[in-house]
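As a plain string of letters, each chain reads:
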Amino acid sequence: MLIMITGWILAMLGALLAMGGVWLAFVGGSWAYIALGIGLLVSGILLARCRRAALSVYAALLMATLVWALWEVGLDRWALIPRGALFSVIGLWLLTPWINRPLNAVATEKMQSRSSWRGSRGWLGGAMIVVVLVTLISIFRDPFDVAGQLPQATAQAAIVPGASGDDWLAYGGTGYSQRYSSLTDITPQTVGRLALAWTFHTGDPKGPSDPHETTFEVTPLKIGNTLYLCSVHENVIALDAATGTVRWQFDPHIKVGPTSQHLSCRGLAYHDDASDAALSTALPNATTPEANPASSAVSAPNTLADTRSESTSACTRRIILPTIDGRLFELDALTGRPCTEFGDGGILNLAVNMPNLLPGYYMETSPPVVTRKLLIIGASINDTESVTNPSGVIRAFDVHTGRLVWNWDLGRPDVTTPLPPGQLYTPNTPGSWPGGSVDEKLGLVYFPIENQSPDQLDFDRSPEVQRFSSSIVALDIATGQMRWVFQGVHIDLWDRDMPAQPTLVNLTVSGSTVPALIAPTKQGDLYVLDRRTGKPIFPVRELPEPKSTVPGERISPTQPSSSLNFMPPPLTGRDMWGATPFDQLACRIEFHSMGYQGPYTPPATQRTLVYPGNAGVFNWGGIAVDPVRQVMVATPVRLAFTYQLFARHDATTNYVSAGQKEHWNENYGGRYAIKIGPFMSPLGLPCQQPPWGSIAGVDLRTGKLAWMHRNGTVRDQMPKFLPIPLPMGVASLGGPLITAGGVAFYSGTLDNYLRAYDVTTGRKLWQARLPAGGQATPMTYRVNGKQMVVVAAGGHGSFGTTLGDEVVAYTLK
């Protein structure tokens, strides 16, 4: 009975595989599944009839599958899984006594040989040995892996402007946004001694009415002996940097409405009157401040000296908080009290002169750029919900008073004088949500510009929007006048915002020092520009791209491509993946049924494939650069998404979000709604084969890749009863940290780990389990003679990682 059940199951699976293979061939895919299905069908029928020939047929099927799999993907063990794993398990089952005893009994009745391993069973056993040998070989070979070494520092590179040391004074470390620390306590030799120093709970987790994309992405600041961070609901918390105990807290009482798309606070900003460039050193100790009515009671002495005179209440050291509801707070770094001389009692209302200000449509998710005299800030504009949106204007305010000094409105890019009362900024212009970088010596501030909403439609975009969308702009610090612009995507139809702070670094090019800017992009290009002029340092070519099929839609005939890029190769049918041949087959059918002409396939009313997808190769975490060694550590991601446009016939109907709480991608008032989603198999796995994420090292003197490795495991995507950490290389979100000690840190992978890597080779040196997802950027500092590494572990709603409210610190033991 068991052998008959097995036989008919195999026959049924074979029939399904063959029919799916016919469908795949019909849409232009491989014919191999037809042959595999027929082989499985014949083997199943023979087995159901107790014929030993079933094993011979299955042995031939197994060998044919192995040859085909090696021809398609070589010795990539993760790509071999959907092609051979299920067939191998079946092969092992067919070799068991429960199958072979009935077959031997029938053979005896027919006067055939009773030898257990002669004939058909032997052929199948031999085929299984070959499969096992190939599997063992593939374990020690990874065709994706790139082994190599980054160069060490040269004797000439000794002085680094604005490097972080004992403190961490800005979101990206300094205004250069390098995510680099000059501390050297932690090295490849000592990192194994890192141990947990303390854990702090903010007590502010995601609430039931919060947006789906509620995230804990904060990178804390460290000034003196105090750590400053913002929680999910943007409470500012000051901690003792050595112990993690609370000094003070401040609650801005933000308003989160049903139309809010995000709830994120990536960080705070800091200004110190005593520093010419807003970059301070460690500050002296002070006594405990008196009780603060605007914040909680302090629980430990603060270490910021209160340098105010007794006759004034003016702040001299300020913590700046941007909020999701469009306000800007200045707080006294010592006490947490609002700096009353700033704005209206310490609060600046960013809604002034703002058009189309609906609740949740204008958001601040990243800290402002801080200079000696100014706070310069862009904004995040509600994406793909409506065509009636606020302005993405970039504004500069006096850091002491909150007075508007200039505004750069890309609808009127040449007029930067403050807008008079009663007038409005240009509506529905792209914003700058990741935050900017600054070079005060050159007098320039650099902002990454997003795409205009609706992200996938160019109808009715103005010439100014077409000029500035998805670009880097350099603005004069004093006047706001634009000095140059570099566009990373022409007529962006793929939501390829410039997604990260530009990183500033001085590079040695042809023996000369060139002030450079590195702009990571969602499509994977890394544009390396002369930050004085915006001219490329590494070559950028214009490549031809396909045309749109949507009537009246405009599209650029070419797109820029940098010689330094992590754009993944275009997908083919053989890149499709799954846990079994069946979901892989379904992915292949989907792939060949969609429109796909490479990375700039235009959206259409037919379903199209977008690769790289919306998550981007790079996102807000950006990159990390060692300015002394002139090397870069990056964490590129490769995930495909699908698009499909639906014509809108009115401004209120929900075409793609009916029955949902949030209405992303409806584009109310526009010509089309768009359905967007990751390209997933019927089992909920990515349809393209891994790796989906990696970590890489680049020599910035040459623009050449030195090493690249898969990064992260699927442990936290497996069932909880089977947490197997398969090191496939998973998607990630967050930024890397690089240190002068030769160690890089990263926590953004889908599994809940903080990892340390050798900067020279990329080898993983150490890891620690986090209590929740680490979709944030780690930072480091020294306190009481010890180097600490700190990361927020609170998860990411849209990314699906474990949610929490922890801040975790590690130090050498």
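Participant: Can you explain empty space enclosed by the protein? Please cite residues and give values.
Facilitator: For the structure on display, the rule yields six cavities of 30 Å³ or more. If you add up the space inside the largest cavity, you get close to 70 Å³. As for the largest cavity, its lining consists of 17 residues, of which Ser 366, Ile 377, Gly 378, Ser 432 and Gly 435 are closest to the centre. Class assignment for the residues of the lining of the largest cavity results in nine nonpolar, seven polar and one charged.

Participant: An account of a nonpolar patch on the surface is requested, with residue identities and associated values reported.
Facilitator: On the surface, Met 1, Ile 5, Ile 9, Met 12, Leu 16 and Met 19 cluster together into a nonpolar patch covering about 650 Å² of accessible area. Within the fold, Leu 16 resides in helix α1 (residues 2–26).

Participant: A description of the sheet that holds strand β35 (residues 737–739) should follow, citing residues and the corresponding values.
Facilitator: Across the sheet, five strands lie side by side as β1-β35-β36-β37-β38; this open sheet has mixed pairing. The open sheet has two edge strands, β1 (180–181) and β38 (764–769), and neither has a second partner. Judged from the two bridges that link them, β1 and β35 form a sheet pairing that is parallel. Across the sheet, residue Tyr 180 finds its bridge partner in β35, namely Ile 738.

Participant: Could you give an account of the confidence of the model for the chain, naming the residues involved and the relevant values?
Facilitator: Parts of the model with low pLDDT should not have their predicted coordinates read in detail. Considering every residue of the chain, the mean pLDDT works out to 91; 93% of them sit at 70 or more. Predicted confidence for residues 276–312 stays below pLDDT 50, and this span has 94 contacts to residues more than four positions away or in other chains.

Participant: How would you sum up the packing of aromatic side chains? Please name residues and give values.
Facilitator: Any two aromatic rings considered together are summarised by their centre-to-centre distance and by the angle between their planes. With the rule as written, the count across this model stands at 13 aromatic pairs. Ring centres 5.9 Å apart and planes at 15° place the aromatic pair Trp 93 and Trp 98 in the stacked group. The cationic tip of Arg 179 hangs over the ring face of Tyr 171; the distance from NZ or CZ to the ring centre is 5.9 Å. Geometry around Trp 71 places Arg 574 over its ring, the cationic atom sitting 4.6 Å from the centre.

Participant: Describe in detail the state of the cysteines, supporting the description with residues and values.
Facilitator: Within the structure shown, the criterion is met by three disulfides. There is a disulfide in this structure between Cys 315 and Cys 339, and the S-S distance comes to 2.1 Å. Classification of the bridge connecting Cys 315 and Cys 339 rests on its S-S torsion, roughly -110°, and on that basis the disulfide is left-handed. Taken together, the residues Cys 315 in the loop between β9 (269–272) and β10 (317–322) and Cys 339 in the loop between β11 (327–332) and β12 (347–349) connect sequence positions 24 residues apart. Classification of Cys 339 by relative accessible area gives buried; the value is 0%.

Participant: Please set out the sheet that holds strand β21 (residues 471–476) residue by residue, giving values where relevant.
Facilitator: Reading across the sheet, the four strands line up as β19-β20-β21-β22 and stay open at both edges, with antiparallel pairing between neighbours. Each edge of the open sheet is held by one strand with a lone partner, namely β19 (437–439) and β22 (482–487). Direction aside, neighbouring strands of the sheet carry axes that sit 15° apart on average. Of the strand pairs in this sheet, β21 and β22 are connected by five bridges, and their pairing is antiparallel. Pairing of Val 473 across the sheet is with Val 485, part of β22.

Participant: For α1, give the residues involved together with the corresponding values.
Facilitator: In a regular helix each residue adds 1.5 Å, so 25 residues correspond to 36 Å; α1 covers 36 Å between its end C-alpha atoms and thus fits that length. Immediately downstream of α1, the backbone of Gly 28 shows phi near 100°, a positive value.

Participant: I'd like a description of the nonpolar core, backed by residues and values.
Facilitator: Grouped together as the largest cluster of nonpolar side chains are 61 residues, with contacts concentrated most on Val 191, Trp 198, Tyr 228, Ile 319, Phe 745, Trp 766 and Tyr 781. In terms of residues, this core owes the most to one element, strand β40 (residues 786–793), which gives six residues. With 33 residues, the next largest nonpolar core counts Leu 36, Leu 46, Leu 55 and Val 134 among its residues.

Participant: Would you mind going over the packing of helix α2 (residues 32–48) against helix α3 (residues 53–73) in detail, with residue names and values included?
Facilitator: Two packed helices can be described by the angle between their axes and the distance between those axes. Contact geometry for α2 and α3: axes closest at 8 Å, N-to-C directions at 160°. In terms of their interaxial angle, α2 and α3 are classed as roughly antiparallel. The hand of the α2/α3 crossing is left-handed. Contacts between α2 and α3 pair Ala 32, Tyr 33, Leu 36, Gly 39, Leu 40, Val 42, Ser 43, Leu 46 and Leu 47 from the former with Ala 53, Ala 54, Val 57, Tyr 58, Leu 61, Thr 65 and Trp 68 from the latter. Its residues placed into classes, the contact of α2 with α3 shows 13 nonpolar, three polar and no charged.

Reading the values: the criteria
Residues numbered from 1 in each chain as written. Predicted model: local features only at pLDDT ≥ 70, side-chain atom pairs only at ≥ 80, totals over all residues. Heavy atoms only, no water. 1 Å grid on protein atoms, 1.4 Å probe; cavity = no way out; pocket = protein on both sides within 12 Å on 5 of 7 lines; lining within 4 Å. Points joined across faces, edges and corners; volume = space filled by probe spheres on them. Nonpolar A, V, L, I, M, F, W, Y, C, P; charged D, E, K, R; others polar. Patch = residues over 30% accessible without salt bridge, like charges linked within 9 Å, V, L, I, M, F, W, Y side chains within 5 Å. Areas by Shrake-Rupley, 256 points an atom, 1.4 Å probe, with all protein chains shown as cover. Salt bridge = Lys/Arg side-chain N within 4 Å of Asp/Glu carboxyl O. Helix = DSSP H or I, 4+ residues; strand = E, 2+ residues; numbered from the N terminus. Pairing = 2+ DSSP bridges. pLDDT = per-residue confidence, 0-100. Contact = heavy atoms within 4.5 Å. Phe/Tyr/Trp six-rings, centres within 6.5 Å; stacked < 30°, edge-to-face > 60°. Lys NZ or Arg CZ within 6 Å of the ring centre and 35° of its normal. Disulfide = S-S within 2.5 Å. Buried < 20%, exposed > 50% of the residue type's maximum accessible area, 1.4 Å probe, protein only. Axes fitted to C-alpha atoms, helices over the stretch in contact; angles between N-to-C directions. Expected span 1.5 Å × (residues − 1). Core = buried A, V, L, I, M, F, W, Y, C linked by side-chain atoms within 4.5 Å. Parallel < 35°, antiparallel > 145°, perpendicular 65-115°, else oblique. Left-handed = near helix turned anticlockwise from the far one by under 90°.

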